[in-house]
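Letter by letter, the chains look like this.
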Protein chains: 2
Amino acid sequence: MQKIRLADAFEKVEGYWSPRLAARVNGTDVRLARLKGEFVWHAHAEEDELFLVVEGTLLLRFRDREVTLGPGEMLLVPRGVEHCPVAPQECRVLLIEPATTVNTGAVREARTQRDVPPL
Amino acid sequence: MQKIRLADAFEKVEGYWSPRLAARVNGTDVRLARLKGEFVWHAHAEEDELFLVVEGTLLLRFRDREVTLGPGEMLLVPRGVEHCPVAPQECRVLLIEPATTVNTGAVREARTQRDVPPL
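As a convention, each chain's residues are numbered from 1 in the sequence order in which they are written. Each chain takes a letter, starting from A, and each ligand takes a number, starting from 1, following the order in which they are written. Per-residue local features are limited, in this predicted model, to residues with pLDDT of at least 70; the limit for side-chain atom pairs, both in listing and counting, is 80 or more; totals at the level of whole chains, interfaces and linings are taken over all residues. Side-chain measures were taken over the full set of non-hydrogen atoms in the model, leaving aside hydrogen atoms and water.

1. Describing the relation of the copies chain B and chain A
Right, so step 1: Least-squares superposition aligns the copies on the C-alpha atoms of those residues with pLDDT at or above 70 in both. Under the fitted operation, chain B is carried onto chain A by 0.0 Å of movement along the axis and a turn of 180°, and the coordinates agree to an RMSD of 0.0 Å. Given the turn and translation reported, the copies of this chain are related as if by a two-fold rotation axis. Residue T28 of chain B of chain B places its C-alpha closer to the rotation axis than any other residue of that unit, at 3.5 Å.

This is the structure we're talking about:
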């Protein structure tokens, strides 16, 4: 049992769109990711995904609208809902999602990451 | 899909040691709680429980040591591990734990809360 200071932990996250595992709560992951630029449109068929912004600004685009999240704001994206995260500047997020969640959902592209290495 | 601003959401949490449900990610709850004073020693037989401090200071007492968490710090308490949370001043925490988790574990006392009402 080691406490995690988010500010320190984000310094260990290398690259963008490449989450690291901070903790697993039963079958649910708490992941940390640094985001910058535009990701890919995708959905997670079986998994809900919660975004909590720790630093910066995150735009979550949906097919019919867009939600902007700042530090201390969070949004639950229900399973099956297509979304495209966009971070105009670097943004640091804490993700809560089932351990089975692949970052790009059913889409396969260069940033697809099947394994989520621990911090 | 409504975004949640933590600072606003905590204003809706009435009383201490009485978590409210902010979001459910598949079977896992994200709960918000205001803590003050000393809680009860307990363990969750089947559930891991993650404490993320948003505001204030939280002491997590274990039988063999104590961990102090400040804002932006988190700790995973694995299932079966006895703990006693203590907040000398009001502390605001985000909890990540299975939806089955009862706040006092197997202990039953005045602050036991079986249902976790939504925000």
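So that's the structure; there's more coming.
2. Side note on the pairing of strand β3 (residues 28–38) of chain B
Residues and elements named next belong to chain B.
Right, so step 1: The rule is simple: take the accessible area with a 1.4 Å probe, protein chains only, and divide by the maximum for that residue type; under 20% is buried, over 50% is exposed, in between is partly exposed. Secondary structure follows DSSP: runs of H or I at least 4 residues long count as helices, runs of E at least 2 residues long count as strands, and numbering of each begins at the N terminus. For β3, a buried count of eight out of 11 residues is recorded, marking the element as mostly surrounded by other parts of the structure.
Right, so step 2: The rule for pairing is simple: two strands pair if DSSP sees at least two bridges between them. Alignment of strand β2 (residues 20–25) against β3, held across five bridges, turns out to be antiparallel. Looking across to β3, one finds that A23 is bridged to V30.
Right, so step 3: Counted along the chain from β2 to the antiparallel partner β3, the turn is two residues long, and its residue N26 has a positive phi close to 50°.
Right, so step 4: Pairing of β3 with strand β8 (residues 84–98), which is carried by 10 bridges, proceeds in the antiparallel orientation. The partner of V30 across the bridge, within β8, is I96.

3. Quick notes on the pairing of strand β4 (residues 49–55) of chain B
Residues and elements named next belong to chain B.
Right, so step 1: The buried fraction of β4 is high, at five of seven residues.
Right, so step 2: Two elements, β4 and β8, share five bridges in a ladder whose sense is antiparallel. Among the inter-strand pairings, F51 is bridged to a residue of β8, identified as L95.

4. Quick look at the confidence of the model for chain A
Right, so step 1: Residues of chain A with pLDDT of at least 70 account for 100%, and the chain-wide mean is 97.
Right, so step 2: The ipTM, which scores confidence in the relative placement of chains, is 0.97 for this predicted complex, and the corresponding pTM is 0.98. Confidence per residue, as judged by the predictor, is encoded in pLDDT with a range of 0 to 100.

5. With respect to the interface of chain B and chain A
Right, so step 1: In this assembly, 36 residues from chain B lie in contact with 36 residues from chain A.
Right, so step 2: A 1.4 Å probe defines the accessible area here, and the buried area is the portion of it lost by two parts on being joined, summed over both. Note on chain B versus chain A: buried area summed over both sides is about 2,800 Å², and carbon and sulfur give 64% of it.
Right, so step 3: Considering only the surface of chain B that becomes buried against chain A, M1, N26 and M74 of chain B emerge as the three largest contributors, covering 27% of it.
Right, so step 4: What counts as a salt bridge is simple: a side-chain nitrogen of Lys or Arg found within 4 Å of a carboxyl oxygen of Asp or Glu. At the boundary of chain B and chain A, one finds four salt bridges.
Right, so step 5: With a closest N to O distance of 3.1 Å, E73 of chain A and K3 of chain B form a salt bridge.
Right, so step 6: Pairs of N or O atoms are called polar contacts if they sit within 3.5 Å, as long as, within protein, a hydrogen donor faces a hydrogen acceptor (for residues adjacent in sequence, only side-chain-to-side-chain pairs). Connecting chain B to chain A are 17 residue pairs in polar contact (both at pLDDT 80 or more).
Right, so step 7: Listed by contribution, the elements that provide at least two residues to the side of chain B that touches chain A are β1 (4–5), β2, β3, β4, β6 (66–69), β7 (73–77) and β8 of chain B.
Right, so step 8: Looking at the side of chain B that touches chain A element by element, the count peaks at five residues for β7 of chain B.
Right, so step 9: For this classification, Asp, Glu, Lys and Arg are treated as charged, while Ala, Val, Leu, Ile, Met, Phe, Trp, Tyr, Cys and Pro are nonpolar and the rest, including Gly, are polar. Per-class residue counts for the side of chain B that touches chain A are 21 nonpolar, five polar and 10 charged. Here, residues are in contact when the closest pair of their heavy atoms is within 4.5 Å.

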